[in-house]
Amino acid sequence: MAGDWIAMRLDLYEDPAVTYMAEQLGEREEVVVGYLHRIWAWASRQCHDGSVTNVTLMSLGRVTSLPNFPELMVQAGWLEHGVGDDGRPFIRFPNWERWMAESAKKRLLAAKRQSKKRHAEVTKMSRSERDKSVTRGEERREERDTTKSGISLARPTIEEVAAYCKERGGKVDPQAWFDHYTANGWRVGRNPMKDWKAAVRQWERNELRGGNGKPASKPVTFGQQRQQNTLDLLERLKAQDEAAASGVAGFIGEGGK
């Protein structure tokens, strides 16, 4: 015997041959699929190599309680019949080795196990990628957040820091500054850094006050940083006003020409 189960396609009821058989019997396609299951289940118990001797289409219909149904299977190409050289009748099921033999069942079971394994691996990988994506998204939000005032919380690159320090005369070691704030989580005091350029300027002032090339031991608070930003702005405005006044004085001294 070939086993206690048989393989049947999920879309078998849509097969044109099933539709034809249903029309001939005056039954629904689902009923025909049930009839086929009954015939193939009998064959799974009685056949060893896909054929049975001393069985005719009439006797097959009788033992399965499906008279005339085997003839329709012959028309569909799902059953063959004839008489052997010894004069005995026989029936044969085509594609036996593909679907009904014991080796076919082992192959189908192995394919099913492999499919489940691949699905499990893909599911595990998908979850891992999803977790990584969430983590990356959180990191980007932390690094590229924006305050209500519109000040970017973006963390600068070492190249950006080096360029800005050079622009300001090279008073700050960009690598030391970058390593310091990378190590403390980009915080000024207990608060997240709001403006990294302002932090560079404050570092300059700390070094000048310390006189030993190191930042002041006491961290700069956000309030101090904001106050210094205001002072810097006032200095720039004052410089602009002085430049404008100088231009007007020169114009008057030349007689307004």
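Computed from a prediction, not measured in an experiment: that's the story for all the values here.

## Some details on helix α1 (residues 16–25)
Those residues of α1 that sit buried are A17, V18, M21 and A22. One side of α1 holds all its buried residues, which, seen down the axis, span an arc of 135°. For α1, the exposed residues set more than 90 degrees away from the buried face come down to P16 and E23. Against α2 (29–46) and α4 (69–76) lie the buried residues of α1. The residue sitting at the N-terminus of α1 and contributing the capping side-chain oxygen is D15; that oxygen lies 2.8 Å from the backbone nitrogen of A17. One or two residues past the end of α1 sits G26, with phi positive at roughly 70°.

## Section: unusual backbone geometry
Both trends apply: most residues other than glycine have a negative phi, and most peptide bonds are in trans. Here N54, not a glycine, exhibits a phi torsion of approximately 65°, which is positive. If you trace the backbone, N54 turns up in the loop between β1 (51–53) and α3 (57–63). Its relative accessible area of 48% is what places N54 among the partly exposed residues. Despite not being glycine, S65 has its phi angle at roughly 60°, a positive value. Along the chain, S65 falls in the loop between α3 and α4.

## Looking at the pairing of strand β2 (residues 80–83)
The pairing of β2 with strand β3 (residues 89–92) spans four bridges and is antiparallel. Within β3, the residue paired with E80 across the bridge is R92.

Procedures and definitions
- Starting afresh in each chain, residues are numbered from 1 along the sequence in its written order.
- Local features in this predicted model are restricted to residues whose pLDDT is 70 or higher, and side-chain atom pairs enter the listing and the counts only when it is 80 or higher, whereas totals over whole chains, interfaces and linings include all residues.
- Hydrogens and water are ignored here; the side-chain numbers use all heavy atoms of the structure.
- We call a residue buried when its accessible area falls under 20% of the maximum for its residue type, exposed when it is over 50%, and partly exposed in between, using a 1.4 Å probe and counting protein chains only.
- Secondary structure elements follow DSSP: runs of H or I of four or more residues count as helices, runs of E of two or more count as strands, with numbering from the N terminus.
- By construction, the arc corresponds to the directions joining the helix axis to the C-beta atoms.
- Contacts are assigned to residue pairs with any non-hydrogen atoms lying within 4.5 Å of each other.
- Two N or O atoms count as a polar contact when they lie within 3.5 Å, although within protein this holds only if one can serve as hydrogen donor and the other as acceptor, and sequence-adjacent residues are included solely when both atoms are side-chain atoms.
- Think of it this way: DSSP has to see at least two bridges between two strands before they count as a pair.

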